[in-house]
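These are the residues of each chain, in order.
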Amino acid sequence: MPPPWLNFAVMATGYLLVMGCLAVGLRLARREGRDLPARRRPATPTGWPGLVRRVAGTAVGGYLVLMAVVVGYYEGVAGLGGDFLAAVFTENLLLIGMVVPVFLVVSWVVARWRGRP
């Protein structure tokens, strides 16, 4: 069993990664919500291109955070590496590949239901 300080360090690192991602998301949401003049407003794609961009950004960001936490725990705390981590990377990619199309369709349905383009 690892020492308590190592368990705490891994837990705190995971917490900071999640809170950091939430802070970045909040900052981006505030930036998009500003009332800028029409000529200075950043061009954000709407429709399918905008939806695909957001879903892809969410999937890639989520995968990177997940891999950082998994590698930190299994390599740093559990001491497992090599083939185990290779399997984790490929299995999580498979999971993301199965979930992203479902997430894309559900996001599209919710956007249509709310009446947004």
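Note: the structure precedes this text.
Let us look at the structure shown here.

Here's the deal with helix α3 (residues 83-114)
- The end-to-end C-alpha distance of α3, which contains 32 residues, comes to 46 Å, matching closely the 46 Å that a straight helix rising 1.5 Å per residue would cover.
- Taken as a whole, α3 carries its principal kink of about 25 degrees at Val99; the proline Pro101 stands between one and four residues after it.
- Among the residues of α3, Leu85, Val88, Asn92, Leu104 and Ser107 are the ones counted as buried.
- Buried positions along α3 lie against α2 (47-77).
- At the C-terminal side of α3, Gly115 shows a positive phi close to 85 degrees.

Topic: a nonpolar patch on the surface
- Together, Tyr15, Leu16, Val18, Met19 and Leu22 give the surface a local cluster of nonpolar side chains, amounting to about 510 Å² of exposed area.
- Counting through the fold element by element, Leu22 comes out in helix α1 (residues 4-33).
- Judged by relative accessible area, which is 52%, Leu22 ranks as exposed.

Examining the side chain of Ser107
- Among the structural elements, Ser107 can be located in helix α3.
- At 2.8 Å, the side chain of Ser107 forms a polar contact with the backbone oxygen of Phe103.
- Sequence-distant contacts of Ser107, defined by excluding residues within four places in its chain, comprise Leu51 and Val55.

Conventions we followed
- Residues numbered from 1 in each chain as written.
- Predicted model: local features only at pLDDT ≥ 70, side-chain atom pairs only at ≥ 80, totals over all residues.
- Heavy atoms only, no water.
- Helix = DSSP H or I, 4+ residues; strand = E, 2+ residues; numbered from the N terminus.
- Expected span 1.5 Å × (residues − 1).
- Bend = angle between axes of the 7 residues up to and from the residue.
- Buried < 20%, exposed > 50% of the residue type's maximum accessible area, 1.4 Å probe, protein only.
- Contact = heavy atoms within 4.5 Å.
- Patch = residues over 30% accessible without salt bridge, like charges linked within 9 Å, V, L, I, M, F, W, Y side chains within 5 Å.
- Areas by Shrake-Rupley, 256 points an atom, 1.4 Å probe, with all protein chains shown as cover.
- Salt bridge = Lys/Arg side-chain N within 4 Å of Asp/Glu carboxyl O.
- Polar contact = N/O pair within 3.5 Å; in protein donor to acceptor, adjacent residues only side chain to side chain.

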